[in-house]
Amino acid sequence: MKILLTGGAGFIGSHTLIELDKAGHEAVVLDNLYNSSPLALKRAAEIIGKEVPFYQVDIRDREGLTKVFEAHQFDACIHFAGLKAVGESVEKPLEYYENNLNGTFVLLDVMRKHGCKNIIFSSSATVYGDPEIIPITEECPKGICTNPYGKTKSMLEDVLIDVQKADPEWNVVVLRYFNPIGAHPSGKLGDNPNGIPNNLMPYITQVAVGKRKELGVFGADYDTHDGTGVRDYIHVVDLGRAHVASLKAIEQKKGVAIYNIGTGTGYSVLDVVKAFVRVNGVDVPYVIKPRRSGDVAVNYCNPAKAKMELGWEAQYGIEDMCRDSWNWQKQNPNGFEE
Ligand code: NAD
Ligand code: WQD
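Since we're looking at a predicted model, the values are computed, not measured.

Attention now goes to the overall build of the chain. Helix and strand counts for the chain stand at 11 helices and 14 strands. By the compact-globule yardstick of 20 Å for 338 residues, the chain fits well, its C-alpha radius of gyration being 19 Å. Expressed along its principal axes, the backbone C-alpha trace of the chain runs to roughly 55 × 45 × 40 Å. Buried positions account for 56% of the 338 residues belonging to the chain. Sequence separation of 24 or more characterises 81% of the internal contacts of the chain that already satisfy a separation of 6 or more. For the chain, the computed accessible surface area is about 14400 Å², with 49% contributed by carbon and sulfur atoms. Here the chain carries 36 positive and 43 negative side-chain charges, and the mean point of each set is 1 Å from the other.

As structure tokens, then:
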């Protein structure tokens, strides 16, 4: 299939494009490079052994998008493009609502005008809020999101469902990612946050490489086996493969299909730190800090629906994720800066 990847230069998009190529699909990348580097695409091209068509376009730019849709007949769009920093979204709600919501509205309109009505949307475990059911199944009701970023994901899920309801020619696959970490095993691609990392794994790797003094562990008084927060970490290569598998739901014309994409196993912050130290033989000093506002104690999924309907399940475990995250960081201590 010929697939448009909005936000395809980013962390998850760049890994997905490699998995799409492996599976014999043709990927075209569109990204405004607001939070990514053209080097990610250069590295991805090295890995797959060919150039990837790339358009530096903002999804809010209707004219720019239209030109891309006029140049290609897409079978589907995988829609990664969006702003994703939880804390920043609290500071800049308008920018988040404008980029994520308006950008998606323009994209959907241009898609339908060009007869492309198949979309895979990057949603997030954050839509469950403080989940009512653990492990979380797709039947678990959505919860209250404590930040504008999470609200954009929850709202966009609703928008996509309404669009499909009004026009059954649409096929909408909503993937609720849990906590993506890891990197391409080559060490050429990985997570490249700007400034101080918000997420756990990039913070750990930056401590290990000597860029930061110590990890702050946000809370050791949760009701978990060691008091620290439990999450469902998923290797980004497995996540990329989940998008390839999701094309099946489009081929089967499922209408709307929602899947949890995680491993189904929860690890605490200290489990991850210990695994990282054990696998990589490096030190990660840490101090216990107060809880971070908005965090939940435990969040991990039941990924059985994706296995049953898409034949997808995670292949990599926490040790692979720790090894590959470190391999990326130590080969690229300053990310994509050359
Ligand atoms: P990322 O920031 O690395 O990638 C997103 C890409 O979208 C970036 O390259 C950015 O430049 C681009 N972009 C943003 N706004 C755009 C616009 N208006 N027009 C064109 N391009 C634009 O993030 P990621 O980690 O790869 O996440 C991809 C998607 O998955 C996002 O929608 C994110 O919200 C979602 N998601 C991420 C996580 C996570 O922890 N990484 C978890 C759940 C869901
Ligand atoms: C994981 C655990 C922290 C950093 C976020 C978004 C979610 C999704 C994935 C986009 C928690 C602890 C973290 C640190 C720490 N993104 N931690 N010290 O919060 O589960 O999910 O990313 O959709 O929407 O909310 O991920 O990596 O920030 O935190 O102790 O320096 O690590 O408290 O228990 P989170 P995370």
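Around ligand 2, the surrounding shell holds 19 residues, and the nearest of these are Y149, L200, G216, R231 and D295. Contacts to ligand 2 include L200, whose backbone N or O atom sits 2.8 Å from an oxygen atom. One of the side-chain nitrogen or oxygen atoms of R231 is found 2.5 Å away from an oxygen atom of ligand 2. Out of a free accessible area of 690 Å², ligand 2 has 87% covered by protein chains. Of all the secondary-structure elements, those providing two or more residues to the shell around ligand 2 are α7 (200-208) and β8 (215-218). Ranked by the residues each element gives to the shell around ligand 2, the list is headed by β8, at four residues.

Among all residues save glycine, negative phi is the norm, and among peptide bonds the norm is trans. In this model, I134 is joined to P135 through a cis peptide bond whose omega is -10 degrees. Its location among the elements puts P135 in the loop between β5 (118-124) and α6 (148-166). Of note in the backbone geometry, L33 takes a positive phi value of approximately 60 degrees without being a glycine. With a phi angle near 50 degrees, K253 is a residue other than glycine that sits in the positive phi range. Secondary-structure assignment places K253 in the loop between α8 (236-251) and β11 (256-261).

Another aspect to go through is the packing of α7 against helix α9 (residues 269-280). Packed helices, taken two at a time, are described by the angle between their axes plus the distance between the axes. Close contact between α7 and α9 brings their axes to 11 Å; oriented N to C, the two are set at 40 degrees. As far as their axial angle goes, α9 and α7 are oblique. The chirality of how α7 crosses α9 is right-handed. Residues L200, M201, I204, T205 and A208 of α7 pack against V269, V272, V273 and F276 of α9. Across the contact of α7 with α9, the residue classes tally to eight nonpolar, one polar and no charged.

Across the sheet, which stays open at both edges, the three strands sit in the order β12-β9-β14 with mixed pairing between neighbours. Every interior strand has two partners, whereas the edge strands, β12 (267-268) and β14 (298-299), have only one. Two elements, strand β9 (residues 230-231) and β14, share two bridges in a ladder whose sense is parallel. Looking across to β14, one finds that V230 is bridged to V298.

Glancing now at the packing of aromatic side chains. Enumeration over the complete set of coordinates arrives at four aromatic pairs. Consider the rings of F69 and F74, whose centres lie 5.2 Å apart with planes at 75 degrees: the pair is edge-to-face. Both residues of the pair, F69 and F74, count as buried. Plain terms: the ring middles of F276 and W326 are 6.0 Å apart, the flat faces sit at 70 degrees to each other, and that makes the pair edge-to-face.

Rules behind the numbers
Residue positions within a chain follow its written sequence, with the count starting from 1. A letter from A marks each chain and a number from 1 marks each ligand, given out in the order of writing. In keeping with the model being predicted, local features are shown solely for residues with a pLDDT of at least 70 and side-chain atom pairs are shown and tallied solely at 80 or more, while totals for entire chains, interfaces and linings include all residues. Only hydrogens and water are set aside when side-chain values are computed; all heavy atoms of the structure are taken into account. Comment: elements are numbered from the N terminus, with helices defined as DSSP H or I runs of at least four residues and strands as E runs of at least two. Both definitions apply: the radius of gyration is a C-alpha atom measure, and the globule rule equals 2.2 Å times residues to the power 0.38. Three labels apply to residues, based on accessible area from a 1.4 Å probe with only protein chains included: buried if under 20% of the type maximum, exposed if over 50%, partly exposed otherwise in between. Note on contacts: a residue pair qualifies if any of its non-hydrogen atoms lie within 4.5 Å across the two residues. For accessible areas, the Shrake-Rupley method is used with a probe of radius 1.4 Å. Any residue's cover is judged against the shown protein chains and nothing else. Only four residue types enter the tally: Lys and Arg on the positive side, Asp and Glu on the negative side, with His and both chain ends excluded. Note that the charge is assigned to NZ on lysines, CZ on arginines, CG on aspartates and CD on glutamates. Whether a residue is near a molecule or strand is decided by its heavy atoms; if any one of them lies within 4 Å of it, the residue is near. Pairs of N or O atoms are called polar contacts if they sit within 3.5 Å, as long as, within protein, a hydrogen donor faces a hydrogen acceptor (for residues adjacent in sequence, only side-chain-to-side-chain pairs). In this description, a line fitted to the C-alpha atoms serves as the axis of each element, helices being fitted only across the stretch in contact, and the angle between N-to-C directions of two axes falls anywhere from 0 to 180 degrees. What sets the label is the angle itself: under 35 degrees gives roughly parallel, over 145 gives roughly antiparallel, 65 to 115 gives roughly perpendicular, and the rest give oblique. In this scheme the crossing of two helices becomes right-handed for a clockwise turn of the near helix relative to the far one and left-handed for an anticlockwise turn of less than a right angle. Charged means Asp, Glu, Lys or Arg here, nonpolar means Ala, Val, Leu, Ile, Met, Phe, Trp, Tyr, Cys or Pro, and polar covers whatever is left, Gly included. Note on pairing: DSSP must find at least two bridges between two strands before they are called paired. Side-chain rings of Phe, Tyr and Trp, where Trp is taken by its six-membered ring, are said to pair if the distance between their centres is within 6.5 Å; with planes under 30 degrees apart they count as stacked, over 60 as edge-to-face, and otherwise as tilted.

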